[in-house]
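Here is how the chains run, residue by residue.
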Amino acid sequence: RQVFRLWFQDPQILAGGLLALAVIGLPLWRGGVGLAASTSAALLAISAAVLCARAARQRDELPWLVWALGAATVMMAVQFLPLPSFAHRLLSPGAADLFETSLKPLGAYPSMRPLTLDPPATARALVGAVACLAVMFAATRIGARSPQRTFLFIVLGLSGVGVVSVGLFAALLNLAP
């Protein structure tokens, strides 16, 4: 009972639990590659990031890696924006050539269209990038305080033991993925 009270008393501890579930538990669920697993991981990671952002008492400096992941995520999202044909030529000459070869004879190019050639795959990649960004942000917020840093190290160590145990158990039972 005391553990549950502690979890909800400090939002960063709850965020650490959500982060542990997203990073450790969900990859064990169908390898973490299914749409349900990746979406669940993203939702858990975003929830942990929101809890950490709300619990922040002051504006701490974010590491450069968080900013770099944020920039990469924005660049992935830009692929969904309808862009004019000169922007296609500038940003992705290969996509512009493909559009010109396949869509120009149909009269559908030049026109405003997204840069992505495979919107569903780009959307899945964007979900993964948002999850990575949220995990990185939450981990930097949680790791900024000493008790939570210790919690992260314990969870990380236990996750290694858990993953190895699952692998050994599957090998003992001669289970294949």
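Refer to the structure printed above.
Residues numbered from 1 in each chain as written. Predicted model: local features only at pLDDT ≥ 70, side-chain atom pairs only at ≥ 80, totals over all residues. Heavy atoms only, no water.

J.: Whenever I open this one, the side chain of Thr-73 confuses me. Can you help?
T.: With respect to the element layout, Thr-73 can be found in helix α4 (residues 64-78). Setting aside anything within four residues of it in sequence, one finds Thr-73 in contact with Leu-126, Ala-129, Val-130 and Leu-133. (Helix = DSSP H or I, 4+ residues; strand = E, 2+ residues; numbered from the N terminus. Contact = heavy atoms within 4.5 Å.)

J.: I would appreciate a short explanation of the nonpolar core in the present structure.
T.: Listed in full, the 11 residues of the largest apolar core are Ala-15, Leu-18, Leu-19, Ala-22, Leu-26, Ala-41, Leu-44, Ala-48, Cys-52, Ala-138 and Ile-142. At the level of elements, α2 (11-28), α3 (35-55) and α7 (119-142) are the ones that each hand at least two residues to this core. No other element matches α2, which puts 5 residues into this core. Ranked by size, the runner-up nonpolar core spans 5 residues in total, among them Ala-95, Phe-99, Leu-103 and Tyr-109. (Core = buried A, V, L, I, M, F, W, Y, C linked by side-chain atoms within 4.5 Å. Buried < 20%, exposed > 50% of the residue type's maximum accessible area, 1.4 Å probe, protein only.)

J.: I'm lost on α7 in this one. Help?
T.: Quick reminder: α-helices carry 3.6 residues per turn. Residues three or four places apart thus point the same way. The end-to-end C-alpha distance of α7, which contains 24 residues, comes to 34 Å, matching closely the 34 Å that a straight helix rising 1.5 Å per residue would cover. For α7, every residue scored as buried is listed here: Thr-122, Leu-126, Ala-129, Ala-131, Ala-134, Ala-138, Thr-140, Arg-141 and Ile-142. (Expected span 1.5 Å × (residues − 1).)

J.: Would you mind going over the packing of aromatic side chains with me for this structure?
T.: A ring pair, where both rings are aromatic, is described by two values, the distance of the centres and the angle of the planes. Per the counting criterion, the structure on display carries 1 aromatic pair. Above the ring of Phe-99, the side-chain terminus of Arg-113 is found at 5.6 Å from the ring centroid. (Phe/Tyr/Trp six-rings, centres within 6.5 Å; stacked < 30°, edge-to-face > 60°. Lys NZ or Arg CZ within 6 Å of the ring centre and 35° of its normal.)

J.: Would you mind going over the pattern of salt bridges with me for this structure?
T.: Oppositely charged side chains may form a pair once their charged atoms are brought near each other. Under the counting rule described, the total for this entry stands at 2 salt bridges. Ionic pairing is found between Asp-97 and Arg-89, a salt bridge with its closest N-O pair at 2.7 Å. The exposure class of Arg-89 is partly exposed, given its relative accessible area of 36%. With a shortest N-O distance of 3.3 Å, Glu-100 and Arg-89 are connected by a salt bridge. Of this pair, Glu-100 sits in helix α6 (residues 93-103) while Arg-89 sits in helix α5 (residues 85-91), and the two are 11 residues apart along the sequence. (Salt bridge = Lys/Arg side-chain N within 4 Å of Asp/Glu carboxyl O.)

J.: What am I meant to see in the environment of Leu-158 here?
T.: Along the polypeptide, Leu-158 turns up in helix α8 (residues 146-172). Assessed through its relative accessible area of 58%, Leu-158 is described here as exposed. Along the sequence, Leu-158 and Ile-24 sit 134 residues apart, while their C-alpha atoms lie 9.6 Å from each other.

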